[in-house]
Amino acid sequence: MEQRGQLHSPEITKGTEACYHCGEPCEQDTIVFKSHSFCCKGCKLVYEILDENKLCTYYAMGEGVGNSPDPDLYKDKFSYLDQPEIRNKLLQFNSATQCHVSFFVPGMHCSSCIWLLENFRKLDPGVISSSVNFPNRTISLVYNPALTSLAAIASRMSHVGYQPHISLDAIEKKNIRKLSRQKWAKVGVAGFCFGNIMMLSFPEYFAISGVDVQPGLKWTFSLLNLALSLPVLLYSSRDFFISALGAIRSRHLNIDLPLAAAILITFIRSVYELASGTGPGYFDSMAGIVFFMLVGRAFQDRTFETMAFDRDYRSYFPLAVSVVENETIQQVQVSKLKSGMRMRIRNREVIPADAILLSDSASIDYSFVTGEARPEPIVKGDLIYAGGRQLGTAIDLEVVSEVEQSYLTRLWNNSAFTEDENRSESGMVNRINQYFTAVVFVLAVLAAGYWYWQGAPILAWNAVTTILIVACPCILLLAATFTNGHVLRILAQNGLYLKHPTVIEKLGNTDTLVFDKTGTITPGRDSKPLYEGKTLNATQFSAIASLVAQSNHPLSRRIGEAMELCKTTEIIEFDEVPGLGLQGYCQGELIQLGSAAFTGALPAQDTETSVFLSINKEPFGRFVFRNKMREGLAEQMAELEKNHQIYLVSGDHSADKSWLSTWFKDERMHFRYQPEDKLNFIKNLKSGGKNTLMLGDGLNDAGALKESTVGIAVSDDVNNFSPACDGIIQGESMGRLSVLLRFSRHARTIIAWSFIFSIVYNIIGLSFALRGALQPVIAAILMPAASISIVALATLLTWLTAKRMKLA
């Protein structure tokens, strides 16, 4: 390995110190390097790698220890990953400048692991970014293939103790079942020992009841209890002590520190009583503490995993794609796409699944995937990756792999297209944890001093132990996490899909609503347009049908649906200008559709929504639309106005102003706004202190959606997915918009009640613990019971609120 900076020769000594990296005892020769002890050369090597790359903050995270590298690791172990056939199966996206891959990493176990893996780019300069899905134990990597390779990345991960699990299942992209045997083994050992200790403690329980038990039998059973408590202390509770030691080493307080102290104090106290003959000890309480805490943690982990599964695989976006079958086009949900289906992708639509190009050529913008807005030319037969966006005329593709909704979720959360979300919950809870833990230790010391001063050492022991166990800041985090999880699920069931839990609070805080008109407050396809103008021949009808077939704009779709029986033909030099119109050549004639200014037509009186037509720069006529509000939305406007200022910004002319004045004030309706105008309008509102909610087209209003405090794209079973928005709402759910917003506001109240519950629990528990009136084993039962209760409370309150609002 290349060395940078001053070299430090390791010193070999004898001793039983704990390894600075992995925490294991140095049973044989201890390697001392830079004043730190290591149990083997592998751990020392990992430390050197981290030290060279200035990543030793890893050791100060305080929640775990490092993994030792696989002793069977050898050079070129992962060279097979660079074989083209294997590499192409593993990669989720592949270009000359970026490749995307996900690895299953069973060795990650704590926040230290997450921190190190998400800083992996510092270990390999070819890695652009990395993100961890902790419940699924996966890491998603983006790297530059010119600077590094899959084999190099896997080898480097293995050298620092995080060897990726790669098998035929992974290559075939099947789900890998998470390995949690060790976790459940610890629960099983603790439960077995706890149950047997309770059974062997019957003589003591009988003695308390006044039943005489032979002293020899009591002594034998007490020794057996001691023997059964050792696996609990040394194996089942190991994670608590590792986390606590890491916190002490980094001078950081975490929630496992008081638990580890309670376990150790209870054990020491029990051994002392047994050795001195003053009592049988509290081995049952110690084993019970560990068992119930492990059960509580397992319950939390399982619930988090379930929530993650729901988010990735069940929160299907309301997206559909055009599928061509027997020369007819139908809309199919992206979740139902199958290999071999033929998709038709229009201008600026996102390709939802890996597919082979059937058309002659395409221009694909991968900016949603790579962050670089640089269209790539694609020719017939080439593979196009999911997440690319077609620029130009409509193209046909053959699906080669079924769409994976979790991939779309990751695409939606691509950091290149999202503002820095306010992820303050964890930071806030960590700060609460530190202060809370400090207060808990102070209370434990004060209680011990008081009861010893009162001449009641047994009560002092009880007070110290139960205070350390029963005080639980972690349920503060559970209150927000589980409430938000249930709110997201219920909103999704009612057609509103939000990107992240933080959007719920921002949605509830909005005070200004900004609507687009066409396809947002008006339905996308209910009324057919009426043509007014010069007579069109069959060739011209075919040209118009062919042109609108390239576009995903709501008015283009409505014209196309009205002309669905017309035969389409090839369009060349297609161009679509957002907010103005579209044009292209068909059989040598230039066809233009759009605004009067775009087509060169004389503007008609602003009485109706119109799309003007010109052929070879000659105005021909227009398509007239009779608009109406979405079903149920008109009845919601008065309710929405109670809590929001309501604005309308539209790229159309003011034809419908008189009709819309029923719901919008004249001074709050703005027409002929281009996408840049809408963006600046949102900026001005925000600069005035407004919290804005923008609802519009996910493609044409992308800039305004991104700029708004909350941006929600309205979808009518069409492919207008854009990472710019914070949420997607089905068009049919717009009639329940006020109810959905009110439910989001109520989520804050539910979280507040959950916080109150957690505070009351801690106050009541501490009041009993300070008096020494709570047995340690009871405290150990109460703590996970509180976690389960907070989940039940959040679920119940969320369900009752949704039921009352007729959302569930």
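Here the structure is a predicted model, which is why all the values come from computation and not from measurement.

Draft legend 1. Structural view of a nonpolar patch on the surface. Taken together, Trp753, Ile756, Val760, Ile764 and Phe768 make up a surface patch of nonpolar side chains, about 480 Å² in accessible area. In this fold, Val760 is placed in helix 26 (residues 737-770).

Draft legend 2. Main features of the environment of Ala492. Turning to its location among the elements, Ala492 is positioned in helix 16 (residues 474-493). Taking relative accessible area as the criterion, Ala492 reaches 13% and is therefore assigned buried. It is 9.8 Å that separates the C-alpha atoms of Ala492 and Gln730, two residues lying 238 residues apart in sequence.

Draft legend 3. Representation of the layout of surface pockets. Taken as a whole, the second largest pocket spans an internal volume of roughly 1400 Å³. Lining the second largest pocket are 50 residues, with Ile329, Arg344, Ala394, Ala549 and Thr568 sitting closest to its centre. For the lining of the second largest pocket, the secondary structure elements donating two or more residues are strand 8 (320-325), strand 9 (328-333), strand 10 (342-345), strand 12 (361-365), strand 16 (395-399), helix 19 (538-548) and helix 20 (554-562). In the lining of the second largest pocket, the residues fall into 18 nonpolar, 19 polar and 13 charged.

Draft legend 4. Highlighting helix 6 (residues 181-200). The first and last C-alpha atoms of helix 6 sit 28 Å apart over 20 residues, in line with the 28 Å expected at 1.5 Å per residue. Those residues of helix 6 not exposed but buried are Lys186, Val187, Ala190, Cys193, Phe194, Ile197 and Leu200. Taken end-on, helix 6 shows its buried residues confined to a sector of 170°, consistent with a single buried face. Every exposed residue of helix 6 that faces more than 90 degrees away from the buried side is listed here: Arg181 and Phe192.

Draft legend 5. View of the packing of aromatic side chains. For the coordinates displayed, the defined rule picks out nine aromatic pairs. Aromatic side chains Tyr450 and Trp451 sit 5.0 Å apart centroid to centroid with 75° between the ring planes, which places their arrangement in the edge-to-face category. Classification of Tyr450 by relative accessible area gives partly exposed; the value is 43%. For Trp451, a relative accessible area of 16% puts it in the buried group. Residues Tyr673 and Phe681 carry aromatic rings whose centres are separated by 6.2 Å and whose planes lie at 80° to one another, so their mutual orientation is edge-to-face. Members of the aromatic cluster, each reached through a chain of ring pairs, are Tyr647, Tyr673 and Phe681. The positively charged end of Lys186 is found above the aromatic ring belonging to Tyr235, 5.9 Å away from the centroid. Across from the ring centre of Phe768, 4.8 Å away, lies the NZ or CZ of Arg771, which sits over that ring.

Draft legend 6. Molecular detail of the sheet that holds strand 5 (residues 99-104). An order of 4-5-7-6 is seen for the four strands of this open sheet, with the pairing classed as antiparallel. The open sheet is flanked by strand 4 (93-94) and strand 6 (127-133), the only strands paired with a single partner. Relative to strand 5, strand 4 runs antiparallel, the two being bridged by two bridges. Paired with Phe93 across the bridge in strand 5 is His100. The strands that helix 4 (residues 150-159) touches are strand 5, strand 6 and strand 7 (138-143); relative to strand 7, the one it contacts most, it runs at about 135°.

Draft legend 7. Just the sheet that holds strand 23 (residues 609-615), in detail. Pairing within the open sheet is antiparallel, and its six strands lie in the order 19-24-23-22-21-20. Each edge of the open sheet carries a strand with a single partner, namely strand 19 (530-533) and strand 20 (572-577). Strand-to-strand twist across the sheet, computed as the mean angle between neighbouring axes with direction ignored, equals 20°. Relative to strand 23, strand 22 (residues 589-594) runs antiparallel, the two sharing four bridges. The residue bridging Leu593 from the neighbouring strand is Leu613, located in strand 23.

Reading the values: the criteria
- Residues numbered from 1 in each chain as written.
- Predicted model: local features only at pLDDT ≥ 70, side-chain atom pairs only at ≥ 80, totals over all residues.
- Heavy atoms only, no water.
- Patch = residues over 30% accessible without salt bridge, like charges linked within 9 Å, V, L, I, M, F, W, Y side chains within 5 Å.
- Areas by Shrake-Rupley, 256 points an atom, 1.4 Å probe, with all protein chains shown as cover.
- Salt bridge = Lys/Arg side-chain N within 4 Å of Asp/Glu carboxyl O.
- Helix = DSSP H or I, 4+ residues; strand = E, 2+ residues; numbered from the N terminus.
- Buried < 20%, exposed > 50% of the residue type's maximum accessible area, 1.4 Å probe, protein only.
- 1 Å grid on protein atoms, 1.4 Å probe; cavity = no way out; pocket = protein on both sides within 12 Å on 5 of 7 lines; lining within 4 Å.
- Points joined across faces, edges and corners; volume = space filled by probe spheres on them.
- Nonpolar A, V, L, I, M, F, W, Y, C, P; charged D, E, K, R; others polar.
- Expected span 1.5 Å × (residues − 1).
- Arc of directions from axis to C-beta.
- Phe/Tyr/Trp six-rings, centres within 6.5 Å; stacked < 30°, edge-to-face > 60°.
- Lys NZ or Arg CZ within 6 Å of the ring centre and 35° of its normal.
- Pairing = 2+ DSSP bridges.
- Contact = heavy atoms within 4.5 Å.
- Axes fitted to C-alpha atoms, helices over the stretch in contact; angles between N-to-C directions.

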